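Analysis of the macromolecular model
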Amino acid sequence: DVKVTQSSRYLVKRTGEKVFLECVQDMDHENMFWYRQDPGLGLRLIYFSYDVKMKEKGDIPEGYSVSREKKERFSLILESASTNQTSMYLCASSFPSGSAPREQYFGPGTRLTVT
Amino acid sequence: AQSVSQHNHHVILSEAASLELGCNYSYGGTVNLFWYVQYPGQHLQLLLKYFSGDPLVKGIKGFEAEFIKSKFSFNLRKPSVQWSDTAEYFCAVNKGGSYIPTFGRGTSLIVHP
């Protein structure tokens with residue numbers, strides 16, 4: 001069974017703080033993703049990574065950065081947290097695409113509140 | 001840019017009612033299609049997926065979806081819903097060959113016992 005874990009379920013930070021969200025998967029997946037989930041907006045892709053040290057911007061990368069030093073771990077960094085980054089953050093992983101569709105496996109999410 | 005539309009944002013049903021949630025996408029080429037479900041307090045999980053072959057796909061918990069290529073649609077159905085189906089449902093579409101899905105905005109389903 002694939003397991004994707006996230007370091008915190010709930011997090012409260014102050015405006016201007018640097019925030020680290022950690023994600024770990026145990027299935028040797030090449031691809032990892034960070035999304036934010038907001039009511040009525042669905043899932044929006046922030047960044048993704050298809051290999052160690054590789055990263056690509058998603059649809060809403062502004063204000064975020066990522067790090068992938070090991071295959072199993074993908075970190076999302078808020079350089080200077082702002083109140084509009086209050087959201088649910090979801091990490092996901094998947095195998096690369098090939099001859100079969102590759103669904104994503106999601107972590108439980110981190111609900112971040114920036115005050 | 002590819003987009004995915006889920007027409008119903010909120011659906012409220014009584015137990016035993018039939019369910020159909022709409023999903024349309026805008027990409028014209030080969031696609032992989034998914035429905036994910038998020039039960040209250042739980043993580044998103046796969047409900048069903050379509051890659052090729054029979055356009056009628058069966059998933060977990062009695063759900064099914066039909067891919068209609070001419071209509072660019074992948075609607076989710078269940079003949080008789082249960083209170084435990086209360087959840088948020090997301091449609092997702094990968095362009096053929098891509099591992100990056102585009103998600104719809106989600107449909108919140110509430111089933112009254």
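These figures come from a predicted structure and were not determined experimentally.

What follows covers the packing of aromatic side chains. One pass over the full model with this rule turns up 14 aromatic pairs over all chains. A centroid spacing of 5.7 Å and a plane angle of 80° characterise the contact between Tyr25(B) and Phe72(B), whose relative ring orientation is edge-to-face. On the criterion of sequence distance, the pair formed by Tyr25(B) in strand β4 (residues 24–25) and Phe72(B) in the loop between β8 (64–68) and β9 (73–78) is long-range, its members being 47 residues apart. Overall, the relative accessible area of 6% leaves Tyr25(B) in the buried class. On the basis of an interplanar angle of 45° and a centroid distance of 5.7 Å, the ring pair of Tyr36(B) and Phe103(B) is categorised as tilted. Taken together, the residues span a long stretch of sequence, with Tyr36(B) in strand β5 (residues 31–38) and Phe103(B) in strand β11 (residues 102–103) at a distance of 67 residues. There is no split in this pair, since Tyr36(B) and Phe103(B) are both buried. By the ring-pair criterion, three or more aromatic residues cluster together here, those being Phe33(A), Tyr35(A), Phe48(A), Phe106(A), Phe34(B), Tyr36(B), Tyr99(B) and Phe103(B).

Before going further, it helps to examine the side chain of Glu64(B). Residue and element names in this part refer to chain B. Note that Glu64 resides in strand β8. Accessibility expressed as a relative area gives 19% for Glu64, which makes it buried. A polar side-chain atom of Glu64 sits 2.9 Å from a polar atom in the side chain of Lys58. If near-sequence neighbours (up to four positions away) are discounted, Glu64 is found in contact with Leu48, Leu56, Val57, Lys58, Asn75, Leu76 and Arg77.

Calculation notes
- Residues numbered from 1 in each chain as written.
- Chains lettered and ligands numbered in written order.
- Predicted model: local features only at pLDDT ≥ 70, side-chain atom pairs only at ≥ 80, totals over all residues.
- Heavy atoms only, no water.
- Phe/Tyr/Trp six-rings, centres within 6.5 Å; stacked < 30°, edge-to-face > 60°.
- Helix = DSSP H or I, 4+ residues; strand = E, 2+ residues; numbered from the N terminus.
- Buried < 20%, exposed > 50% of the residue type's maximum accessible area, 1.4 Å probe, protein only.
- Polar contact = N/O pair within 3.5 Å; in protein donor to acceptor, adjacent residues only side chain to side chain.
- Contact = heavy atoms within 4.5 Å.

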